[in-house]
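A closer look at the structure
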Amino acid sequence: MRTVLEKERFDEVWVLGDLVDYGPDPGEVVDIIRGLDPPVIVRGNHDHAAAYGVDCGCGPATHELSVLTRERITLGQLSKNELVWLGSLPLEASVECGGHIFHVTHGSPLDPLHHYFYYHSKISQADRVLEKLKERYSGIDNVVLLHGHTHFQGYLSLNGYKMINPGSTGQPRDGDPRAAYAVLGCSDGGLEVVLARLKYNIGAVISRLSEYELPGYAVDKLRDIILKGGVF
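Residues numbered from 1 in each chain as written. Predicted model: local features only at pLDDT ≥ 70, side-chain atom pairs only at ≥ 80, totals over all residues. Heavy atoms only, no water.

Here we come to the pattern of salt bridges. In total, this model carries eleven salt bridges according to the counting rule given. Among the salt bridges present, the one from E28 reaches R2, with a minimum N-O distance of 2.6 Å. Separated by 26 residues along the polypeptide, E28 in helix α2 (residues 26–36) and R2 in helix α1 (residues 2–7) bring together distant segments of the chain. Classification of R2 as partly exposed rests on a relative accessible area of 42%. (Salt bridge = Lys/Arg side-chain N within 4 Å of Asp/Glu carboxyl O. Helix = DSSP H or I, 4+ residues; strand = E, 2+ residues; numbered from the N terminus. Buried < 20%, exposed > 50% of the residue type's maximum accessible area, 1.4 Å probe, protein only.)

Sheet architecture is open: five strands sit in the order β3-β4-β5-β7-β6, paired in mixed fashion. In this open sheet, the two edge strands, each paired with only one partner strand, are β3 (92–97) and β6 (154–158). Within this sheet the neighbouring strands show an average axis-to-axis angle of 20 degrees, counted without direction. Where β6 lies against strand β7 (residues 161–165), five bridges are found, and the strand directions are antiparallel. Each residue of the ladder has a partner; that of L156, found in β7, is M163. (Pairing = 2+ DSSP bridges. Axes fitted to C-alpha atoms, helices over the stretch in contact; angles between N-to-C directions.)

Next up on the list: the state of the cysteines. As enumerated under the stated definition, the model contains one disulfide in all. A sulfur-sulfur separation of 1.7 Å characterises the disulfide bridge that pairs C97 with C186. Of this pair, C97 sits in strand β3 while C186 is found in strand β8 (residues 179–187), placing the two residues 89 residues apart along the sequence. Judged by relative accessible area, C186 falls into the partly exposed class, the value being 25%. (Disulfide = S-S within 2.5 Å.)

It is characteristic of soluble globular proteins that their nonpolar side chains tend to be buried jointly. Counting 22 residues, the largest nonpolar core has L65, L209, L214 and L222 as its most contacted members. Looking at this core, the element that brings in the most residues is helix α8 (residues 216–228), giving five residues. For L65, the contacting residues outside a window of four places in its chain are Y22, A218, K221, L222 and I225. (Core = buried A, V, L, I, M, F, W, Y, C linked by side-chain atoms within 4.5 Å. Contact = heavy atoms within 4.5 Å.)

Attention shifts here to the packing of aromatic side chains. Per the stated rule, a full pass over the model turns up four aromatic pairs. Relative to F102, the ring of W14 has its centre 5.3 Å away and its plane inclined at 85 degrees; by these criteria the two rings are edge-to-face. In this pair, W14 is assigned in strand β1 (residues 14–15) and F102 in strand β4 (residues 100–105), connecting sequence segments 88 residues apart. Assessed through its relative accessible area of 21%, W14 is described here as partly exposed. For F102, a relative accessible area of 0% corresponds to the buried category. Judged by centre distance (6.2 Å) and plane angle (10 degrees), the rings of Y116 and Y118 are stacked. Clustering of aromatic rings is evident, with ring pairs tying together Y116, Y118 and F152. Across the ring face of Y22, the terminal group of R173 is positioned such that the distance to the ring centre comes to 5.1 Å. (Phe/Tyr/Trp six-rings, centres within 6.5 Å; stacked < 30°, edge-to-face > 60°. Lys NZ or Arg CZ within 6 Å of the ring centre and 35° of its normal.)

Quick look at the structure:
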C-alpha cells in the first residue's frame, strides 16, 4: 500500500475494505488510511470480523490464516477506538463522479461482505449481480460497480454496465504478486479505467511476518501466497 501511495499520482483515494488480517502491520495501515480521510471507504469482511469478534466468512483455503493473523497480529495492534472505527464503516456507498454513478462495496450487491464475484466464473453469476444493480438503479444510466474481495484484478462490461475490481495491494491472488490497484478518471460522458500493478518489497513483508508468534507452517503459507500472487 505504501508503495502505491508514494509512486502513484491521485486526487483522492477510494478504499474497498479489508484493511486488516494476513499482513504484519494492520495498525499502520489503519493509521495511514484514516490520515488520508478517504471520501469513499467501505467495510470488508475482515474489518467486520475484527470489529465485531465474528468469523470472517472467507474461503477455506485461507480461513485458518485469517484467524491466526487476526488473533495474533490484528487485535494486538488495533486500539478499541480503531476497532470501533472499522465497525462503523458502511457496507455500501453510491457516489456520483463525472456523470457516472459508482456503486461501491467490498463483495458485491448480492452480499456486500461475503460474495465472491469472479469475472471468469459462470456468466450466470454476472447476470445475478447485474439484475441486482438494475433493481437498485432502475432508470439510471452510467452505473459502475466497484468492488473487491476476490483479490483478482479485472474489468467487465456487460449490457452497458461496467464492473471493476482493482485487486489487492497487499495480497493479490490472480497469479501476479505485484500490488494491484485501479486508477479511475471520470468526466462527463467518459470513464477512464487503468488497471495498474507495482512491485513492492515483498521480502520486507515476509520478514515482518516472521517476527510474530505464528506457526511455522502459517508463515510458510503466507510467504507462498505473497511470492506467487495466489493460493495454489
